[in-house]
Amino acid sequence: MAGDSERRLDDQEHAPRQPFLIGVAGGTASGKSSVCGKIMELLGQNEIDHHQRQVAILSQDSFYRVLTAEQKTKALKGQYNFDHPGAFDNELILKTLREIMEGKTVQIPVYDFVTHSRKEESVTVYPADVVLFEGILMFYSQEIRDLFQMKLFVDTDADTRLSRRVLRDITERGRDLEQVLAQYITFVKPAFEEFCLPTKKYADVIIPRGADNLVAINLIVQHIQDILNGGLTKRQNGCLNGYSTPRKRQPSESSSRPH
């Protein structure tokens, strides 16, 4: 009997802990990636070798569907709606999140925004204690939304988002101004109002002004630090919202972020 108890305790000790999943939503160019990057910076995770990081970042942009020839032709002309829920491979997102929750190493697709296609290579993401998953429609699907233990919505002025998107698409994605503005008016703005903005109600924390809002970000960082240090374990008997609190990673374990 004693041997059985010892084996059970040993199995529990070595069983993978369920990571704390944080969804980060918001409109196009609202600063979602910048917020995630600032969180990583304040946690000191950027200074740690990627195999030792306890926090990983994923982007919904990596999970755009593979386009048909007809869809790709439209995309190259700026006539394809990349802000519609149907543009994302939600089945793959769900599968990836479930594997992450099981403590598995996952392969994340790499999307080429110039050619509108998935590259052949992928990015390896190792098990982490905290996973930030950012994207414009992270809270649209209830099945995906319900997996997040914390939901953040980055709320940035529409004019600021438009100016950022124009600069990004021209400098990084080789688009011309006329095409960017036409796509914004035809697809981006209507999709934001119909699909993204209504999901703001699901957020636990709303972050106005994005990465410039250091007060909000510092509060979130402190919460994540408590999780990483096991500080919430003592106060909540090892559980947070029904999930086990992750332990502090040992040096022999590894984690990474995709970007």
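Here, the structure is the one placed above.
Residues numbered from 1 in each chain as written. Predicted model: local features only at pLDDT ≥ 70, side-chain atom pairs only at ≥ 80, totals over all residues. Heavy atoms only, no water.

S.K.: Go over the pairing of strand S4 (residues 117-125), please, and point to the residues and values.
M.R.: Two faces belong to every sheet, and in a regular strand the side chains alternate between them. Direction of pairing for strand S3 (residues 106-112) relative to S4: antiparallel, over a ladder of 6 bridges. Directly across from Val106, in S4, lies its bridge partner Val125. Between S3 and the antiparallel strand that follows it, S4, lie 4 residues; His116 among them carries a positive phi value of about 60°. (Pairing = 2+ DSSP bridges. Helix = DSSP H or I, 4+ residues; strand = E, 2+ residues; numbered from the N terminus.)

S.K.: Residues and numbers for the packing of aromatic side chains, please.
M.R.: Tallied over the full model, the rule gives 9 aromatic pairs. Considering the side-chain rings of Phe63 and Phe133, the 5.7 Å spacing of their centres and the 40° angle between planes classify their relative orientation as tilted. Taken as a pair, Phe63 in the loop between strand S2 (55-59) and helix H3 (69-76) and Phe133 in strand S5 (residues 130-134) lie far apart in primary sequence, 70 residues in all. There is no split in this pair, since Phe63 and Phe133 are both buried. Here the aromatic residues Tyr64, Tyr80, Phe82, Phe88, Tyr111 and Phe113 are joined through ring pairs into a cluster of three or more. Cation over ring: Arg161 sits above Phe192, and NZ or CZ is 4.2 Å from the ring centre. (Phe/Tyr/Trp six-rings, centres within 6.5 Å; stacked < 30°, edge-to-face > 60°. Buried < 20%, exposed > 50% of the residue type's maximum accessible area, 1.4 Å probe, protein only. Lys NZ or Arg CZ within 6 Å of the ring centre and 35° of its normal.)

S.K.: Which residues make up the environment of Ala182, and what values go with them?
M.R.: Of note, Ala182 is situated in helix H7 (residues 177-196). Linking Ala182 and Gly78, residues 104 residues apart in sequence, is a C-alpha distance of 7.8 Å.

S.K.: If you had to explain the pairing of S5 to someone new, which residues and values would you point to?
M.R.: Most of S5 is tucked away, with 5 of its 5 residues classed as buried. Here S5 shows two buried faces, one formed by Val130, Leu132 and Glu134 and the other by Val131 and Phe133. Alignment of strand S1 (residues 20-26) against S5, held across 5 bridges, turns out to be parallel. Residue Gly23 lies in a different strand from S5, and its bridge partner there is Phe133. Strand direction decides the pairing type here: S2 and S5, joined by 5 bridges, are parallel. Within S5, the residue paired with Ser59 across the bridge is Glu134.

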